[in-house]
Amino acid sequence: MEFFKIQRDIPFMRRALIFNVVSFATFALAVFFLFSRGLHLSVEFTGGTLMEVNYTQAADVGKIRDTVAGLGLTDVQVQNFGTSRDVMIRLPAQKGVSTAQQGETVLAALKAVNSDVTLRRTEFVGPQVGKELAEDGLKALAMVVLGIMVYLAFRFEWKYAVAAIIANLHDVVIILGFFAFFQWEFSLAVLAAVLAVLGYSVNESVVIFDRIRENFRRYRKMNTEQIIDNAITSTISRTIITHGSTQIMVLSMLLFGGPTLFYFALALTIGILFGIYSSVFVAAAIAMWLGIKREDLVKGPAKKDEDPNDPNAGATV
């Protein structure tokens, strides 16, 4: 399905150097902010108090969040779990205040608003647990990257694997750079969004690489730059439909999902936007500069050459 069809190939690769200079500058800024400011880690990574409370009726999570925030506590996570009457509250660690004292203070504030609340449990999440979560998250990220590289190397060729991984890591680092610059809270949900962006972004790269392979088989007189331009141009309609639909869903979570989903959706929004950019302008350009050629992908004689602007090109009867 196509909303529109562009008749002439857009010369993307003619401006590839400019796009990649902009991309490198953005990447460098992201790395700078990561080292200079660091990530604002959530309680799950830094340690703190975990409380579970229960209400006799459905809990008003927004009111609970406002009540806890009124105690001067920041970076508090409040969410339902299990049923609408059960609420989990994560509180950052406070110097000189024990877990029991912090739990009693919060419970007293909640009871002042609604006396039906009861405390199920209070426990301390230590920094050692947070360290393990951070290490496991980095291991998961490394395994995803390795898996993508192996898949692309088998599916296409090592040059494509290198190009796609550079582009995808570009997306990940830029997401982290945004969170470091604005000091947005980095939680396990955000980490999950980053891993999702890796898979989402590589999908767009695979679509373009697949079309490049088809073009190498079909067009013998076109050079590599023309082959890539045609591959990107011919998939633009699909890109707009796919990413536009996904972005609408993610924006709905961002605008209407509440504080619990806000940073998760925000990371996905940034990742999708830069994922499109990197797949088109970064991955394809790097693959071109690495010297991809027809022999890397196509075995045997080429098909009869066709006009890429012919609407019946590739049609069979």
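Just so you know, these numbers come straight off a predicted model, no measurement behind them. Each chain has its residues counted from 1, running along the sequence as written. Reporting in this predicted model follows two pLDDT cut-offs: at least 70 for local features of residues, and 80 or more for side-chain atom pairs to be given and counted; totals over whole chains, interfaces and linings ignore these cut-offs and use all residues. Side-chain calculation: all heavy atoms of the structure are included, whereas hydrogens and water are not.

Asks: How would you explain the sheet that holds strand β4 (residues 83–92) if you had to name every residue and give the values?
Replies: When DSSP locates at least two bridges between a pair of strands, those strands are taken to pair. The secondary structure listing takes helices from DSSP runs of H or I that are at least 4 residues long and strands from runs of E that are at least 2 residues long, numbered from the N terminus. Spatially, β3-β4-β2-β5 is the arrangement adopted by the 4 strands of the open sheet, whose pairing is antiparallel. Since the sheet does not close on itself, it has two edges, and those belong to β3 (77–81) and β5 (118–125), each with one partner. Ignoring which end each strand starts from, the neighbouring axes of this sheet average 20 degrees apart. Judged from the 7 bridges that link them, strand β2 (residues 48–54) and β5 form a sheet pairing that is antiparallel. Opposite leucine 50, over in β5, you have glutamate 123 as the bridge partner. Here helix α3 (residues 61–69) sits on the sheet and contacts β3 and β4; the angle it forms with β3, its principal contact strand, is near 150 degrees. Between N-to-C directions, angles span 0 to 180 degrees; the directions come from axes that are lines fitted to C-alpha atoms, helices contributing only their stretch in contact. In this analysis, two residues are considered to be in contact whenever any of their non-hydrogen atoms come within 4.5 Å of each other.

Asks: Would you mind going over the side chain of threonine 49 in detail, with residue names and values included?
Replies: As for its placement among the helices and strands, threonine 49 is situated in strand β2. For every residue, the accessible area (1.4 Å probe, protein chains only) is compared with the maximum for its type, and the residue is labelled buried under 20%, exposed over 50%, or partly exposed between those bounds. For threonine 49, a relative accessible area of 2% translates into the label buried. Excluding its chain neighbours within four sequence positions, the residues that come into contact with threonine 49 are Ile89, Arg90, Leu91, Thr99, Gln102, Thr122 and Glu123.

Honestly, it's all geometry; don't read function into it.
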